[in-house]
Amino acid sequence: MKDEAGMPSPSNPLKDATGLGAFINEPVLELRRAPVRASLTAALEELDGRLPLRVPVLVGGERGADAGFESTDPAVPERVVAQAGRATESHVAEAVAAAGRGAREWGARSAIERAVVLVRAAAALRGRRLELAALMVRECAKPWPEADADVCEAIDFLEYYAREALLLEHGPALLQVPGERNTMGYVPRGVVAVISPWNFPLAIPTGMVAAGLATGNAVVLKPAEQSPGCALALVEALHGVGLPPEALSLLPGFGEVGAALVRDPGVHTIAFTGSGAVGLDIVRAAAETPDGQGHVKRVVAEMGGKNCVIVDSDADLDEVVPALVDSAFGFAGQKCSAASRVLVHEAVHDELLERLTGAVEVLAVGPAERFGTDVPPVIDREAVERVAGYVEGAGRSGRVAIRGQVPDGGWYCPPTVACDLEPDAPVLSEEVFGPLLTVERASGVDAACGAIERLPFALTGGLFSRSPATVARVAARLPLGNLYVNRGITGAMVGRQPFGGNRRSGIGAKAGGPDYLLQFTETRVMTENTMRHGLVVE
Amino acid sequence: MPHGEELLTRVGRDLHAALPSPSRHPIKALDAKGMELASRDAELRAALFRLVDVTPACRSLDDLARHLAEYVEEVDERPQALEAAMRVAHTAPGRRALGAAAATGVRHMAHRFIVGESPQAALGVLGDLWKEGSACSVDLLGEATFTREEADRYAARCDEALEVLSVAAGSWPGRHLLEADSAGPLPRVNLSVKVSALTPLMRPDAPHVGREDAAQRLRPLLRRAQDLGAHLHIDMESLDALETTMELVFELLDEPEFSDGPSAGVVLQAYLRDSGQQLDRILEWARASARRPPLTVRLVKGAYWDHEVVEARRHGWTPPVFEVKAESDRNFEELTRRLLDSRPRKDEAGMPSPSNPLLRVAVASHNIRSLAHAIAHNRATGGEDRDLELQVLRGLGDELGIAIAASGLRVRSYCPVGDLVAGMAYLVRRLLENTSNDSFLGEQQRGASIEDLLAAP
Ligand SMILES: Cc1cc2nc3c(=O)[nH]c(=O)nc-3n(C[C@H](O)[C@H](O)[C@H](O)COP(=O)(O)OP(=O)(O)OC[C@H]3O[C@@H](n4cnc5c(N)ncnc54)[C@H](O)[C@@H]3O)c2cc1C
């Protein structure tokens, strides 16, 4: 399909079967325009005047305590961004009980009624998008372009799942033979526990919450302790547009709240995004079926990755270098999709390493609020120490090719490139989740594929090659959830790049894709006998 | 036909009549044939571009042949000749032969656009151009700049080019039309510079970062151009670089040490929807500036059309460029008029105004209609021919350049210098331009009549 300007126009599978209009991705802000930047700076100033925000425990619409712990600005740790109530185990029990009631009310509504609520919540977020981006700048040190993209992705999840849920209202067609009528349909599972991370403090909780709600479930949200402020914005948006209060509760708090939520027998589905260790704990805990629990819990888990990029000898290094820098150091490498290992064909290894090192040397490390910052601080002190540990280890089992400069104060971590590593160096197999990239020499694309196959992770990965045969071979071989060819490996878009890992990187269908919602439903099939006294009566 | 159109048509027909016959350039005619084939079949075109693009990265002839075969594999309808060529790709000697042929073909194409591997190597061509009546602007091709060293290296190459060209240009014969206009002398040496090559810190959302870094490398180049009496032209790239580029040029040229020189210029891209405001800004700056030499403005349509549209669509933005070719063409004419009209008028007695012009105008295009419009408007408003410069790209506008020179007008040929690897991005862009359906050259190649070619957009 071509439009009037001769450019291929996107074909849209969701084209208006829904009455809500076709889904399109929310446009990100055009930050290259000075007035747009000025509007963001103004929004941040306005937000700063209101800090700290107060985030209550919110159970069934009842506002509980809002003083228990604080989230702080990673660039200026003394600055308190939000003051949040600390949910307890009894809050968990109350919230799940409320959700049980909420699920009955919400699940009884038609899919279109539910979809309209989600679309309205998207509009509410859209109306606050500058302020929400500013909040991410403060609470998570997410630089403007990424913070803005995070808000857009949250809006996308609401809009996309609203439409997808409508498509699920009528189940797929089944084989029919004379004398019987077969139908299949989807119903909500009940209560969804959502446990979300801080690195996409709005988009990821929104995605998991929206999926649960779109399919008629009630949700209890336990956001990361580092970003309660962003989570509150989501809950407010939904409660403000007609979601029954009991259908969504907010439990700010730490790990023990999440653990209690996972164990609660009233929870049917657990949607989790976070570390592999916690994810596997959840899978184990969810397998328990205590007396009185009349169901087996389902877990949808998005866990870590060790994302590798293969660079073949025919790659265009002019494209490789910026794509790698962006994928490895954008948001200080704190994306589950971030690049952490590069496997380079030996013919171009030295040249790429030299250019990459030089490119990392000039990266600007600084606060997220400053336009022009390439690498913001990491989330907290623990992250600084973890990354420093890996850098030290890389120095012992290889060579640190470049380590950038950092400003004083704040949880800054110098962007680092390491090379010449021993094959068994831990940094080659463990997730670092910070601004550290390792570069390895590979004898060829097939050897590089072998190294990737040996990893337990299989989230994202990249290939730079200008040979169609190589692209096809690598795509067929690698087990990755998301393979990106000749581009950066982060920035999956809802509806365009459904996102999620395979192997130890995750269980469940891809977020932002057409099969994600099924996980939040139960399937029912009905077969009706249409023979009466030897006659087919249909 | 309005009065202006009549004059325009006459100018256009004269220019067209002055074009050398293609039959006298058999090699170019052959090239044109290949281009024409590519412009008719989108898949073939894609295969050709991918081949050209990958050539410098291929390690051997076998490697090149393998890539070629894979690209051709994806073309549904293959011309006979290509089909035959692919059959030999199944054996190693066949591949070597095929790879050698492809490498020769690509090198040949590159030579059409790239005048030499280094300024030294380019001197022969540049001197010949000058003798035939065409000035030049040299553009140093390079890989993208990501590091300080790369930016320093590019700046050093620019510095060296200024030096080498100045020495050589000293012995070129006098060419009155190329060396002065009514505002004064025009430098023989003219270098085009890209800001994105002068800094690794181009950040579209933080123009000041790149500006500050690039300034440290552009300033010494301006000094050097001043010492040597050369002209420095700052090219315009994609919209992401526009703020950085304009702010940088305005800021540096306003520094006191450059108030008397060197001669310098910027580029205005007519395909930008807001190019009218860009021109306002240039004029405003020129009026306010205490600088003596007039700023040269090279008017172009814009070379990053596909990039701007794709980038905007990917992000859900309204493209910053016009989406109908005729709108770019019309805007080009509008901006041409505004640029020419910005110059001081002759007084009632027909004497040139004593005030220095704010700007010098250079109109860069291969579109005979666009050029004829500029020439005609200049004449119709009492301008002198020598106060309008016309510019063409080496490899695309060679014949046109000859025709312009033969018509007694000043022409400057933009001449890329550099090796094949570094020149690839440039080469691919030019090929794309030459074979796109919308392009004037494409239309001309397909044999459109001069009436159609000169019709108002
Ligand atoms: C000496 C010289 C220097 C140059 N320097 C620069 C520079 O610094 N920066 C730069 O960007 N370019 C530069 N260019 C390239 C120039 O911008 C054009 O790409 C090129 O000259 C083709 O335009 P044309 O007028 O010759 O041909 P035409 O065929 O008349 O015009 C083609 C142009 O029209 C525009 N166009 C094509 N399709 C559409 C569409 N669907 N809708 C709207 N517009 C469309 C595009 O700009 C395209 O390049 C330079 C060109 C020359 C000759």
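Procedures and definitions
Residues numbered from 1 in each chain as written. Chains lettered and ligands numbered in written order. Predicted model: local features only at pLDDT ≥ 70, side-chain atom pairs only at ≥ 80, totals over all residues. Heavy atoms only, no water. Helix = DSSP H or I, 4+ residues; strand = E, 2+ residues; numbered from the N terminus. Buried < 20%, exposed > 50% of the residue type's maximum accessible area, 1.4 Å probe, protein only. Contact = heavy atoms within 4.5 Å. Lys, Arg positive; Asp, Glu negative; His and termini not counted. Charge placed at Lys NZ, Arg CZ, Asp CG, Glu CD. Pairing = 2+ DSSP bridges. Axes fitted to C-alpha atoms, helices over the stretch in contact; angles between N-to-C directions. Salt bridge = Lys/Arg side-chain N within 4 Å of Asp/Glu carboxyl O. Near = heavy atom within 4 Å. Polar contact = N/O pair within 3.5 Å; in protein donor to acceptor, adjacent residues only side chain to side chain. Areas by Shrake-Rupley, 256 points an atom, 1.4 Å probe, with all protein chains shown as cover. Nonpolar A, V, L, I, M, F, W, Y, C, P; charged D, E, K, R; others polar. Buried area = accessible area lost by both parts, 1.4 Å probe. Domains from an automatic or database assignment. Phe/Tyr/Trp six-rings, centres within 6.5 Å; stacked < 30°, edge-to-face > 60°. Lys NZ or Arg CZ within 6 Å of the ring centre and 35° of its normal.

Student: Could you clarify how one ought to interpret the overall build of chain B in this entry?
Tutor: Helix and strand counts for chain B come out as 20 helices and ten strands. Projected onto its principal axes, the C-alpha positions of chain B cover 75 × 55 × 50 Å. Considering chain B as a whole, with its 457 residues, one finds that 55% of them fall into the buried category. Counting only contacts in chain B whose residues sit at least 6 apart along the sequence, the fraction spanning at least 24 positions is 77%. One finds the centroid of the 55 positive side-chain charges in chain B at a distance of 3 Å from the centroid of its 69 negative side-chain charges.

Student: What is the right way to look at the sheet that holds strand 19 (residues 482-485) of chain A in this model?
Tutor: Working definition: the strands of a sheet are paired by backbone hydrogen bonds and lie parallel or antiparallel to each other. All names here are of chain A. With respect to topology, seven strands assemble into an open sheet ordered 14-15-16-13-12-18-19, the strand pairing being mixed. With one partner strand each, in any of the chains shown, strand 14 (399-403) and strand 19 form the two edges of the open sheet. Ignoring which end each strand starts from, the neighbouring axes of this sheet average 20° apart. Bridge count for strand 15 (residues 416-419) against strand 16 (residues 436-442) is four bridges, and the pairing is parallel. The partner of C419 across the bridge, within strand 16, is V439. With respect to the sheet, helix 13 (residues 445-453) is in contact with strand 12 (307-311), strand 13 (339-345) and strand 16, its orientation differing from that of strand 12 by roughly 175°.

Student: What am I meant to see in the pattern of salt bridges here?
Tutor: Once their charged atoms are close, side chains differing in charge can pair, the charge on each being opposite to the other. Under the criterion given, the structure shown has 76 salt bridges over all chains. For R66 of chain B, the salt bridge is made with D63 of chain B, and the minimal N-O distance between the two is 2.9 Å. On the criterion of helical spacing, the pair formed by R66 of chain B and D63 of chain B is a turn pair, its members being three residues apart in helix 4 (residues 61-73). When its relative accessible area of 10% is taken as the criterion, D63 of chain B is described as buried. Salt bridges linked by common partners bring E26, R126, R129, D148, E159 and R163 of chain A together as one network.

Student: Where do I start with the site of the ligand in this structure?
Tutor: Residues and elements named next belong to chain B. Near the ligand there are 30 residues, and of these G302, S328, S365, H366 and F440 occur at the shortest range. Interatomic distance of 3.2 Å between a backbone N/O atom of E323 and a nitrogen atom of the ligand. Within the contact set of the ligand, an oxygen atom lies 2.7 Å away from a backbone nitrogen or oxygen of H366. In the complex, 94% of the free accessible area of the ligand, which totals 930 Å², lies under the protein chains. Going through the elements one at a time, strand 6 (263-269), strand 7 (295-300), helix 15 (325-341) and strand 9 (388-393) are the ones with two or more residues in the shell around the ligand. Partitioning the shell around the ligand into residue classes produces 14 nonpolar, eight polar and eight charged.

Student: Sorry, what's going on with the side chain of S289 of chain B here?
Tutor: Residues and elements named next belong to chain B. Here S289 is to be found in the loop between helix 13 (275-288) and strand 7. Since its relative accessible area comes to 13%, S289 is described here as buried. At 3.0 Å, the side chain of S289 and the backbone nitrogen of R291 are in polar contact.

Student: Teacher, can you tell me more about the interface of chain B and chain A here?
Tutor: Where the parts come together, the accessible area they lose is often given as the size of the interface. Counting residues at the interface gives 41 residues for chain B, matched by 38 residues for chain A. Together, the buried faces of chain B and chain A total about 3200 Å²; carbon and sulfur atoms form 50% of this surface. If you sort the residues of chain B by the area they bury against chain A, F146, D205 and W317 of chain B come out on top, with a joint share of 22%. Counting every contact that joins chain B to chain A gives seven salt bridges. A salt bridge links D53 of chain B to R466 of chain A; the shortest N-O distance between them is 3.0 Å. Elements that contribute at least two residues to the side of chain B that touches chain A include exactly helix 3 (42-54), helix 4, helix 8 (148-169), helix 11 (207-228) and helix 14 (305-315) of chain B. Sorting elements by how many residues they give to the side of chain B that touches chain A places helix 14 of chain B first, with seven residues. Residue classes in the side of chain B that touches chain A are distributed as 17 nonpolar, five polar and 19 charged.

Student: Explain the domain arrangement of chain A to me, please; I cannot follow it from the model alone.
Tutor: All names here are of chain A. Domain annotation of chain A identifies domain 1 (43-303 + 505-523) and domain 2 (307-485). Centre-to-centre, using C-alpha coordinates, domain 1 lies 31 Å away from domain 2. Residue-level contacts link 22 residues of domain 1 with 24 residues of domain 2. Together domain 1 and domain 2 conceal approximately 2000 Å² of surface at their shared face, both sides included; 65% is due to carbon and sulfur atoms. Considering only the side of domain 1, the residues that lose the most area to domain 2 are W144, W198 and S505, jointly responsible for 25% of the buried surface there. Counting the contacts that link domain 1 with domain 2 gives two salt bridges. A salt bridge links K335 to E146; the shortest N-O distance between them is 3.6 Å.

Student: Quick question: what am I supposed to make of the domain arrangement of chain B here?
Tutor: Residue and element names in this part refer to chain B. Parsing chain B into structural domains produces domain 1 (31-110) and domain 2 (115-453). With eleven residues of domain 1 at the interface, the matching set in domain 2 holds 13 residues. Counting the surface lost from both domain 1 and domain 2, the interface buries some 1300 Å², and carbon and sulfur atoms represent 77% of this. Counting across the interface, domain 1 meets domain 2 through zero salt bridges. One can count zero residue pairs in polar contact (both at pLDDT 80 or more) joining domain 1 with domain 2. Elements represented by at least two residues in the side of domain 1 that touches domain 2 include exactly helix 2 (26-40), helix 3 and helix 6 (92-113).

Student: What exactly am I supposed to notice about the packing of aromatic side chains here?
Tutor: Residue and element names in this part refer to chain A. On inspection of all chains with the given rule, the structure shows eleven aromatic pairs over all chains. With a centroid separation of 6.0 Å and 85° between ring planes, the pair formed by W198 and F433 is classed as edge-to-face. Here W198 is found in the loop between strand 7 (191-195) and helix 6 (203-214), whereas its partner F433 is found in the loop between strand 15 and strand 16, with 235 residues between them in sequence. Each residue in the set F23, F157, Y160, Y161, Y516 and F520 is aromatic and connected to the rest through ring pairs, giving one cluster. Seen from the ring of F200, K142 lies directly overhead, with NZ or CZ sitting 3.6 Å from the centre.

Student: Looking at this structure, how should I read unusual backbone geometry?
Tutor: Glycine aside, negative phi is the norm for most residues, and most peptide bonds take the trans geometry. A cis amide bond, omega -5°, links L51 of chain A with the succeeding residue P52 of chain A. Looking at the secondary structure, you find P52 of chain A in the loop between helix 1 (34-48) and strand 1 (53-55). Geometrically, the link from G261 of chain B to P262 of chain B is a cis peptide bond, its omega value of 5° lying close to zero. Looking at the element boundaries, P262 of chain B is found in the loop between helix 12 (242-253) and strand 6.

Student: How should the sheet that holds strand 1 of chain A be read in this particular structure?
Tutor: All names here are of chain A. Strand order across the open sheet formed by three strands is 1-5-4, with mixed pairing between neighbours. Only two strands of the sheet have a single partner each, and these edge strands are strand 1 and strand 4 (69-73). Across this sheet, the average inter-strand angle for adjacent strands is 45°, counted without regard to direction. Across three bridges, the pairing between strand 1 and strand 5 (residues 76-84) is parallel.

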